[in-house]
Amino acid sequence: MQKTTSAEPYRKLISWLSEQRQSQNITMPELAKQLGLASHSYISKIENLERKIDLYEHLQICEALGVDGTEGYQLMLTAHSKLPKKVKT
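Residues numbered from 1 in each chain as written. Predicted model: local features only at pLDDT ≥ 70, side-chain atom pairs only at ≥ 80, totals over all residues. Heavy atoms only, no water.

Draft legend 1. Spotlight on unusual backbone geometry. Phi at Asn25 is positive, roughly 55°, even though this residue is not glycine. Within the fold, Asn25 resides in the loop between α1 (8-23) and α2 (28-34). (Helix = DSSP H or I, 4+ residues; strand = E, 2+ residues; numbered from the N terminus.)

Okay, structure coming up:
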């Protein structure tokens with residue numbers, strides 16, 4: 001199994017989140033503050049693929065950005081469906 005943060009579908013999800021933040025001109029420190037975090041390093045590590053997020057964290061970030069999280073997940077699912085399928089033996 002491939003490491004989550006290096007998987008192309010996950011990269012697409014995180015890229016989408018970062019694009020949503022940047023398109024609204026929200027800085028990492030501003031987003032961190034909206035999420036009740038003491039530092040923006042949490043956001044930085046996510047966007048730099050140094051830390052993975054779970055489903056609930058994704059939803060919290062999307063809520064803070066005012067975006068529909070299902071759009072990001074759909075991008076990830078679409079990318080996943082395009083990966084070569086492994087044949088079970």
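Draft legend 2. Here's a closer look at the pattern of salt bridges. Inspection of every chain in the model, using the stated rule, returns three salt bridges. For Lys12, the salt bridge goes to Glu8, with nearest N and O atoms at 3.7 Å. In this pair, Lys12 and Glu8 both sit in helix α1, four residues apart, roughly one turn of the helix. Relative accessible area serves as the criterion here: at 40%, Lys12 is assigned to the partly exposed category. Residue Arg21 is joined to Glu47 by a salt bridge in which the shortest nitrogen-to-oxygen separation is 2.7 Å. With Arg21 in helix α1 and Glu47 in helix α3 (residues 41-47), the pair connects residues that are 26 residues apart, well separated along the chain. Like Arg21, the residue Glu47 is buried in the burial classification. (Salt bridge = Lys/Arg side-chain N within 4 Å of Asp/Glu carboxyl O. Buried < 20%, exposed > 50% of the residue type's maximum accessible area, 1.4 Å probe, protein only.)

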